[in-house]
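# Summary of structural features
Below are the chains, spelled out letter by letter.
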Amino acid sequence: MEALRPSGKMIYFFGALGGLLFGYDTGVISGALLFIPDDFKLTPFLQGAIVAALLLGAMVGAGFAGRLADRLGRRNLIIAAAIIFTVGSLLAALAPTVGVLIAARFIIGLAVGSAALVVPLYLSEIAPTEVRGAIASLNQLMIVSGILAAFIVNAILASSGDWRLMLGLAAVPSLILLVGMFFMPETPRHLVHSGEEDTARDVLEDLPGDERPQDRIEEIREVEQHEEGDTGLRGLLKAKWVRPALIVASGLAIFQQFVGINTIIYYAPTTLTNVGFGKTSAIYANLVIGVVNVGMTIIAIRLIDRAGRKPLLIAGVAGMFLSLLVLGVSLSVLATPHHPGDPAAIITLVCLGTFIASFAATWGPVVWVMIPEVLPLSVRGTAMGIAVLANWAANFLVSQTFPILLNKFGAGPVFLGYAGMGVLAFLFVMKFVTETKGRSLEEIETDLQRATGTRERRQEREQQPTALSR
Ligand code: BGC
């Protein structure tokens, strides 16, 4: 295996591939749900359970994955996630009862939650500084490609209604991921952290962009020496110096969901049929949303290392706020549309498009890029676990309450509520987020240590004479 040295591009491709499964499993269920009732009798509760099981599984997966990423390594955790993906997808496709289907969706969720954590972590730790934003954004590109692939599969298989194939097809990329990852290296940061410096040096020598592997290793070792407290969850929660980073990571993770992205990704066909579109045209309009999502993510990849993360977050939240405001006001004041040509229907389609474009070019990729960047090495996995768990919990809250809120208040006020969240997200970014573009992960951590005084405390400790030397 060692003889087969993968190129940088291969490493980035397989490193990101887990995102495809995250996206596919997110996108496929809305289509599959239309046909599952052909085989199993579904009450509204069971229907909700099929959707929610993945989200709950993802929360559990994210909760455990952090610690595992620090213990087993990033690469091994991707391999484990690929195995779970494969088993879960096959089980879902072959499910003899609805109970097994729900269990399979929970199992897939475990892998989705782990992938949401470990894929951006792996990419961020393996990428050279100057292009780290673009490389880590490949995760989001895979997520949105997975969502689009699922929308396409749903559209193609809609005539046959073969929901088992829709769900089972996810096993193909997960098997490719499983085989591919065996040939990929562990990240140099994790290797140094676990004392395997020689292997870290080999990996750095093979990677593009890092000309001085030894300097990089010393830099990684140096920042680790200034870390304080133990690396478990309890130590992390007590470690005051990690707190500012944890607030940024978790806040970004939560606001990414609270602006309401998944009310569109999960429910756009329903929203469109509510404003007068027929089922078929709603499915095609949904495909357009999927394409815009991919296209704008590619633009983000070009911008993220040039414009920087913070300007993108600010521009994105402005675009999302305006889209939601116009949508909310129009649906509140205009007559209920019954036809796609009605003003409220046209405004809905346009606003959904501008919202998705704004999200995809900014908050979609930037949040997943920044979460590992801001967190310190020794606790990066564990701390990411908290942020990613928060992301899935917020996702769960928004996507489960959306239909209820819609029913109670109507679409106009609900979208205005998400616009309000956009304002809070803006204030959060302005107050807490600092730019990470162009700085190595070690420089970002050094700045955190300086700002929170851990460096000074260590120097003081070193200057104090020890009992032995006295
Ligand atoms: C979010 C997902 C969302 C997807 C949409 C991701 O960054 O975390 O919740 O479904 O983007 O493109």
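Look up a bit, the structure's there.
All values reported here derive from a predicted model rather than from experimental measurement. (Residues numbered from 1 in each chain as written. Predicted model: local features only at pLDDT ≥ 70, side-chain atom pairs only at ≥ 80, totals over all residues. Heavy atoms only, no water.)

### Structural notes on the site of the ligand
Quick note on the threshold: It suffices for a single heavy atom of a residue to lie within 4 Å of a molecule or strand for the residue to be listed as near it. Within 3.5 Å is the distance limit for a polar contact, defined as a pair of N or O atoms, with the added protein rule that one can donate a hydrogen and the other accept it, and that residues adjacent in sequence qualify only through two side-chain atoms. Here, Shrake-Rupley sampling with a 1.4 Å probe gives the accessible areas, and only protein chains in the shown set may cover a residue.
The immediate surroundings of the ligand are formed by Gln-140, Val-144, Ile-147, Gln-256, Gln-257, Asn-262, Ile-265, Asn-293, Phe-359, Gly-364, Trp-368 and Asn-395. Take Gln-256: an N or O atom from its side chain is 2.9 Å from an oxygen atom of the ligand. Asn-262 is positioned with one of its side-chain polar atoms (N or O) 2.6 Å from an oxygen atom of the ligand. Alone, the ligand offers 310 Å² of accessible surface; in the complex the protein occludes 99% of this.

### A closer look at the pattern of salt bridges
The criterion, for reference: Any carboxyl oxygen of Asp or Glu that lies within 4 Å of a side-chain nitrogen of Lys or Arg is treated as forming a salt bridge with it. Using a 1.4 Å probe on the protein chains alone, a residue whose accessible area is under 20% of its type maximum counts as buried, one over 50% counts as exposed, and one in between counts as partly exposed. Only runs of H or I of at least four residues qualify as helices and only runs of E of at least two qualify as strands under DSSP, and these elements are numbered from the N terminus.
Applying the stated rule across the entire model yields 15 salt bridges. A salt bridge links Asp-70 to Arg-74; the shortest N-O distance between them is 3.0 Å. Judged by its relative accessible area of 9%, Asp-70 falls in the buried class. Its relative accessible area of 1% is what places Arg-74 among the buried residues. Here Arg-201 ties to Asp-198 by a salt bridge, and the two come within 3.1 Å at their closest N and O atoms. With a gap of three residues between them, Arg-201 and Asp-198 both fall in helix α9 (residues 197–206), about one helical turn apart. Looking at Arg-201, the relative accessible area reads 24%, which means it is partly exposed. The network of salt bridges with shared partners includes Asp-70, Arg-74, Glu-125 and Arg-380.

### As for the packing of aromatic side chains
As a reminder of what qualifies: In this scheme Phe, Tyr and Trp rings, the latter by its six-membered ring, pair at centre separations within 6.5 Å, and the angle between planes marks the pair as stacked below 30 degrees, edge-to-face above 60, and tilted otherwise. Criterion for a charge above a ring: Lys NZ or Arg CZ within 6 Å of the ring centre, and within 35 degrees of the ring normal.
Enumeration over the complete set of coordinates arrives at ten aromatic pairs. Taking the centre distance of 5.1 Å and the plane angle of 85° together, the rings of Phe-13 and Phe-14 count as edge-to-face. Residue classification places Phe-14 among the buried positions, given a relative accessible area of 11%. Taking 5.2 Å as the distance between ring centres and 45° as the angle between the ring planes, the aromatic pair formed by Phe-22 and Trp-392 counts as tilted. Placement of the pair is Phe-22 in helix α1 (residues 8–33) and Trp-392 in helix α19 (residues 380–409), with a sequence separation of 370 residues. Residue class for Trp-392 comes out buried when judged on its relative accessible area of 1%. The positively charged end of Lys-431 is found above the aromatic ring belonging to Phe-432, 5.4 Å away from the centroid.

### Quick word on the environment of Ala-65
Note the following rule: Residue contacts are defined here by distance: any two heavy atoms, one from each residue, within 4.5 Å place the two residues in contact.
Within the element layout of this structure, Ala-65 appears in helix α2 (residues 44–72). Ala-65 sits 49 residues away from Ser-114 along the chain, and the two C-alpha atoms are 5.1 Å apart. Dropping the residues within four chain positions of it, Ala-65 is found in contact with Leu-77, Ser-114 and Leu-117.

### Here's the deal with the environment of Glu-445
Among the secondary structure elements, Glu-445 is positioned in helix α21 (residues 441–452). The spacing of Glu-445 and Ala-115 is 330 residues in sequence and 24 Å in space, taken between C-alpha atoms. In this view, Glu-445 contacts Val-223, Glu-227, Trp-241, Pro-376, Leu-377 and Arg-380; residues no more than four positions away in its chain are not counted. Reaching out from Glu-445, the side chain makes a polar contact with the backbone nitrogen of Leu-377 at a distance of 2.9 Å.

### Looking at the packing of α1 against α2
Formally: Comment: axis = line fitted to C-alpha atoms, over the contacting stretch for helices; angle = value between 0 and 180 degrees taken between N-to-C directions. Working rule for angles: under 35 degrees goes down as roughly parallel, over 145 as roughly antiparallel, 65 to 115 as roughly perpendicular, anything else as oblique. Three classes are used, and their members are as follows: Ala, Val, Leu, Ile, Met, Phe, Trp, Tyr, Cys and Pro are nonpolar, Asp, Glu, Lys and Arg are charged, and the others, Gly among them, are polar.
The geometry of α1 relative to α2 is characterised by a closest axis approach of 11 Å and an angle of 170° between their N-to-C directions. Put simply, α1 runs roughly antiparallel to α2. On α2, the residues touching Asp-25, Ile-29 and Leu-33 of α1 are Gln-47, Ile-50, Val-51 and Leu-54. Taken together, the residues of the contact of α1 with α2 sort by class into five nonpolar, one polar and one charged.

Read these as spatial facts, not as claims about activity.
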